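As a plain string of letters, each chain reads:
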Amino acid sequence: METRLIQLYTKGEIVLTFAEKANGLVVVLLDDNNTPSAKYGFDKEKLKSIIKIVYQANNVRIHFEGITPSSKSEIESVSE
């Protein structure tokens, strides 16, 4: 799987490459110290018919618009 890194409190879109569509994609949320705080996997079947993934990241997770990750690992926060 290919990997993309996303910083806290950002929003934008991930335009998928041919390699990401063919191999799947892992999106990792990085905190201010560049330590992974959440990880999302998208298998190639989910990416087959889309061109981009729109996202918005907060302090503990990433919200994806119109697509649900195949797998996810998030650190729970009591402040959210």
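Preceding block: the structure.
The sections below set out a description of the structure shown in this document. (Residues numbered from 1 in each chain as written. Predicted model: local features only at pLDDT ≥ 70, side-chain atom pairs only at ≥ 80, totals over all residues. Heavy atoms only, no water.)

Points about the pattern of salt bridges
As a reminder of what qualifies: Whenever Lys or Arg places a side-chain nitrogen within 4 Å of a carboxyl oxygen from Asp or Glu, that contact is recorded as a salt bridge. Helix and strand labels come from DSSP, where a helix needs a run of H or I of at least four residues and a strand needs a run of E of at least two; each type is numbered from the N terminus. For every residue, the accessible area (1.4 Å probe, protein chains only) is compared with the maximum for its type, and the residue is labelled buried under 20%, exposed over 50%, or partly exposed between those bounds.
Scanning all chains against the criterion turns up four salt bridges. Between Glu 20 and Arg 4 there is a salt bridge; the shortest N-O distance is 2.5 Å. Residue Glu 20 is located in helix α1 (residues 18-23), and its partner Arg 4 is located in strand β1 (residues 2-7); the two are separated by 16 residues in the primary sequence. Note on Arg 4: relative accessible area 23%, which makes it partly exposed. Glu 45 is the partner of Lys 48 in a salt bridge, and the nearest nitrogen-oxygen pair spans 3.0 Å.

Description of the sheet that holds strand β3 (residues 25-30)
Applied cut-off: Strand pairing requires that DSSP identify at least two bridges connecting the strands. Between N-to-C directions, angles cover 0 to 180 degrees, with each direction set by a line fitted to C-alpha atoms, over the stretch in contact for helices.
What the four strands build is an open sheet, ordered β1-β3-β4-β7; its pairing is mixed. Of all strands in the sheet, those bounded by a partner on one side alone are β1 and β7 (71-74). Within this sheet the neighbouring strands show an average axis-to-axis angle of 15°, counted without direction. One ladder, built from four bridges, connects strand β4 (residues 36-42) with β7; its direction is antiparallel. Across the sheet, the residue bridging to Tyr 40 is Lys 72, located in β7.

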